[in-house]
Amino acid sequence: MAIRSKTFRETYYEDIKLLQTLWIKIWIGLFILGLIVAPFATDPYVIYLINLSCVATVAALGLNLLTGFTGQISLGHAAFFAIGAYCTAILASDLRMPYWVCLPASGFFAAFTGLLVGIPCLRLKGLYLAMATMSFGVVVEYVVITWEGVTKGVRGIGIPTPKVFGYPLDSNEKLYYFLLAVTALAIVAATNLVRTRIGRAFIAIRDRDIAAEVMGVNLTKYKVMAFAIGSFYAGVAGGLYAYLMHYIHPEHFTFLLSVQYLAIIIVGGLGSILGSVFGAVFITIIPEFIKGLADLLTLAIPALQDKYDDGWNIAAFGLLIMLFLIFEPKGLFGIWIRIKTCFKNWPYTY
Amino acid sequence: MDKGLLFFMQLVASGIALGCLYAMIALGFVLILKATDILNFAQGEVIMMAAFICYFLVTALHMPFLLAVVLTCLSVGLMGILTERIILRPMIGEPVFAVVMVTIGLSIFLRSLAGIIFGHTNLVFPSPFPKETVSMGGIILSQTQIWIMISTLGLIIIFFVFFKYSRLGLAMRGTANDQHIALLMGISVKRVFALIWGISFITGAIAGIFLANVMVINLGISFVAVSAFPAIILGGLESIPGAIIGGIAIGVIENLAGGYLDQIIGGGVKDVTPFVVLFLILMVRPYGLFGKKEIERV
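Residues numbered from 1 in each chain as written. Chains lettered and ligands numbered in written order. Predicted model: local features only at pLDDT ≥ 70, side-chain atom pairs only at ≥ 80, totals over all residues.

(A) Looking closely at the overall build of chain A. Of the regular secondary structure elements, chain A holds 15 helices and four strands. Scaling as 2.2 N^0.38, a compact globule of 350 residues should have a C-alpha radius of gyration of about 20 Å, and chain A matches this with 21 Å. Put simply, chain A has 350 residues, and 45% of those count as buried. Across chain A, the fraction of contacts at a sequence separation of at least 24, relative to all contacts at a separation of at least 6, is 77%. (Helix = DSSP H or I, 4+ residues; strand = E, 2+ residues; numbered from the N terminus. Rg over C-alpha atoms; globule rule 2.2 N^0.38 Å. Buried ≥ 20, exposed ≤ 12 C-beta atoms within 10 Å, placed from the backbone. Contact = placed C-beta atoms within 7 Å.)

Pasting the structure below:
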């Protein structure tokens, strides 16, 4: 990333600071303040959408670390998400475990399965890896439906309300702060991760794996690590999803969900933390736009009455993936950077 | 013949019929892969579209079956050429991930579009094949299954002759072998790409019409193509004979697993077997039976 002019860094400490300038600190501060007061200012539905975006952000961060940063295509992200969700659901409903056991347990269990998938997938890349992860996703879906003794099959599992210090999070507004906190933690952790040796190794593997190995990056170790970290995020996100929805069902975790996460990171920006957040929010609110658009269309063409259903949203995901890949491969993050540089350099063009 | 053996033979025979369908679908994948190095994840939706179009032509417009088949093939082939021109050509030179994702985007777009246009109800195709079954030494097959086998054989012969003797077929093989040299030899690579997409879509359309005859038509028909992935991996991604042998092998394995394991584990084994096989092949022999072995040494 380009350093803006008139920025002088004199010590190493200044160079590694997370928030570089005063203005960034002020903007981030205002943004966080805005999020904190949001429940008092907006209606509950907006809060619900933000909650969904939080879950999507955490899962997308994991996929972006695996696919965007390390370059390992995964079409089975929904499987890890499902594993996390079921882990939380079973621990919370059958064993009455508190949230601070369930969420990490979901993460670690998903990471463990990530290891199991990642190790045999080490030899594969590109198309082959995409197919292997996709078939893993199908197998997990099958297991979730069939293994009724544990997952209750198509009946689904209800999840009790989580309690934080004895205080029940029984509404969307109360869950909101909890989800925000976990998401913020996930974002900071991911941002820091990609700045370390591990993150640089991931990027080196993505850019050219053989060259990375020659430079001393242990391919086996870092590829497996990417799988484990990516699935850890997915597992935690699955746990959050279970708490948010109060009820999970095998139909929530199909191949389409994996594609939706890929849509998030493509639309947001591959290999960018901020991009994952943009993408997650964008893809979560897109159905609302389409619903509005469908309403407008019905006003114009009455024949379309009651034609709106989920298919429109999925069609929009597909269209967005294609349009972004053809016209804006860097995603929303790329647009963001362009707008920012435009303002920064004004009135000059560069 | 004793009962156990007969059961086994019956499973194998209907497995071959199923495998022929997989082989047809796999051919559609492999043609594009070989020439353009793109795995078209939207092939399943092509199959589904063909099934819907053919159903529409036969039931709503009361066309004779053969005319409907020809029209379906033509329209779907045109769709293939347009897909290449509009969506895939701007992606030339982009990384594998981007190209794969474009075809996945296309696939979910087409599937939900079909849902919006044709609805989510199950449609039953008025089968042109007689209902009577044929019995051969105790093995019972339906006429549809036999026609599937015959048309797969016909398709294989047509492809063989086309790629071996026709000018265009040779141009396509040349392009698959080396695009730059093909270009230098005066082959229009762009035209070859567009045509190969058209041909692959037509192969998918034929498979789709047969699928419409053996199962109900709904959006789920597109997932059959996903079950054909193991076939192309087993065959080695870029090999046409590999796709056919792989397809038939997967069909037989799937049927045998369904016949024997369903009693032990419970229903649904049949649907998940291809993926377990796919996973195993990728672990043991990723380049398949006839694939190029890419050697990388560090």
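(B) Focus on the overall build of chain B. A tally of regular secondary structure across chain B gives twelve helices and two strands. Going residue by residue from the N terminus, the α and β elements of chain B occur as α-α-α-α-β-β-α-α-α-α-α-α-α-α. In summary, chain B has a C-alpha radius of gyration of 19 Å against a globular reference of 19 Å for 298 residues, a match within 12%. For the C-alpha atoms alone, the extent of chain B along its principal axes is close to 60 × 55 × 35 Å. For chain B, contacts bridging at least 24 residues in sequence account for 75% of all contacts bridging at least 6.

(C) Local environment of the nonpolar core. In this structure, V58, A59 and Y233 of chain A together with I25, A26, I47 and A51 of chain B are the most contacted members of the largest nonpolar core, which totals 200 residues. The contacts of V58 of chain A, once residues within four sequence positions are left out, are V182, T183, A186, Y233, V236, A237 and L240 of chain A. (Core = buried A, V, L, I, M, F, W, Y, C linked by C-beta atoms within 7 Å.)

(D) Molecular detail of the interface of chain A and chain B. Listed by partner, the interface residues are 35 residues for chain A and 33 residues for chain B. The set of elements that each furnish at least two residues to the side of chain A that touches chain B consists of helix 6 (127-146), helix 10 (209-214), helix 12 (255-268) and helix 14 (310-327) of chain A. Per-class residue counts for the side of chain A that touches chain B are 28 nonpolar, five polar and two charged. (Nonpolar A, V, L, I, M, F, W, Y, C, P; charged D, E, K, R; others polar.)

(E) Spotlight on helix 9 (residues 197-207) of chain A. Those residues of helix 9 of chain A that sit buried are A201, F202, A204, I205 and R206 of chain A. As for helix 9 of chain A, its buried residues are in contact with helix 3 (44-69), helix 10 and helix 11 (219-245) of chain A.

(F) Structural view of the confidence of the model for chain B. Residue and element names in this part refer to chain B. With 97% of its residues at a pLDDT of at least 70, chain B reaches an overall mean of 86. When pLDDT is averaged over each helix and strand of chain B, the minimum, 80, is found for strand 1 (residues 133-136) and the maximum, 93, for helix 3 (residues 65-88). Across the predicted assembly, pTM comes out at 0.86 and ipTM at 0.81. (pLDDT = per-residue confidence, 0-100.)

(G) Representation of the environment of E213 of chain A. Within the secondary structure, E213 of chain A is located in helix 10. Each C-alpha atom of the pair E213 of chain A and I264 of chain A lies 30 Å from the other, and the pair is 51 residues apart in sequence.

(H) Spatial organisation of the pairing of strand 1 of chain B. Residues and elements named next belong to chain B. Bridge count for strand 1 against strand 2 (residues 139-142) is four bridges, and the pairing is antiparallel. Within the sheet, the bridge partner assigned to S135 lies in strand 2 and is I140. Adjacent in sequence and paired antiparallel, strand 1 and strand 2 are bridged by two residues, among which G137 carries a positive phi angle near 60°. (Pairing = 2+ DSSP bridges.)

(I) The arrangement of the packing of helix 8 (residues 172-195) of chain A against helix 11 of chain A in detail. All names here are of chain A. Put simply, helix 8 and helix 11 touch, their axes get as near as 11 Å, and they point 175° apart. Considering the angle they form, helix 8 stands roughly antiparallel to helix 11. Counting all contacts with helix 8, which are made through L175, L179, V182 and A186, the residues of helix 11 involved are Y233, L240, Y243 and L244. Residue composition of the contact of helix 8 with helix 11, by class: eight nonpolar, no polar and no charged. (Axes fitted to C-alpha atoms, helices over the stretch in contact; angles between N-to-C directions. Parallel < 35°, antiparallel > 145°, perpendicular 65-115°, else oblique.)

(J) Highlighting the packing of helix 13 (residues 273-300) of chain A against helix 14 of chain A. All names here are of chain A. As a packed pair, helix 13 and helix 14 sit with axes 10 Å apart at the nearest point and diverge in direction by 120°. Here helix 13 lies oblique to helix 14, going by the angle between them. By crossing handedness, the relation of helix 13 to helix 14 is classed as right-handed. On helix 14, the residues that touch I286, P287, I290 and A294 of helix 13 are W312, N313 and A316. In the contact of helix 13 with helix 14, the residues fall into six nonpolar, one polar and no charged. (Left-handed = near helix turned anticlockwise from the far one by under 90°.)

(K) Expanded view of helix 3 of chain A. All names here are of chain A. In this model, helix 3 (26 residues) spans 35 Å end to end at C-alpha, consistent with the 38 Å of a helix rising 1.5 Å per residue. Considering bend angle alone, the principal kink of helix 3 is centred on L63 and spans about 30°. Of all 26 residues in helix 3, 20 are buried, a share of seventy percent or more. Phi turns positive, to about 75°, at G71, one or two residues after helix 3. (Expected span 1.5 Å × (residues − 1). Bend = angle between axes of the 7 residues up to and from the residue.)

(L) Geometry of the environment of I38 of chain B. All names here are of chain B. Note on placement: I38 falls in the loop between helix 1 (3-36) and helix 2 (43-59). On the basis of neighbour count, I38 is assigned to the buried category, with 21 C-beta atoms found within 10 Å. For the pair I38 and V96, spaced 58 residues apart in the sequence, the C-alpha separation amounts to 7.9 Å. Ignoring sequence-local partners within four residues, the contact set of I38 consists of I32, L33, L88, V99 and T103.

(M) Focus on the environment of M131 of chain A. With respect to the helices and strands, the residue M131 of chain A is situated in helix 6. In this structure, the C-alpha to C-alpha distance between M131 of chain A and G29 of chain A, residues 102 residues apart in sequence, is 43 Å. Once you skip the residues sitting within four places of it in the chain, M131 of chain A turns out to touch F229, I233, L278 and L282 of chain B.

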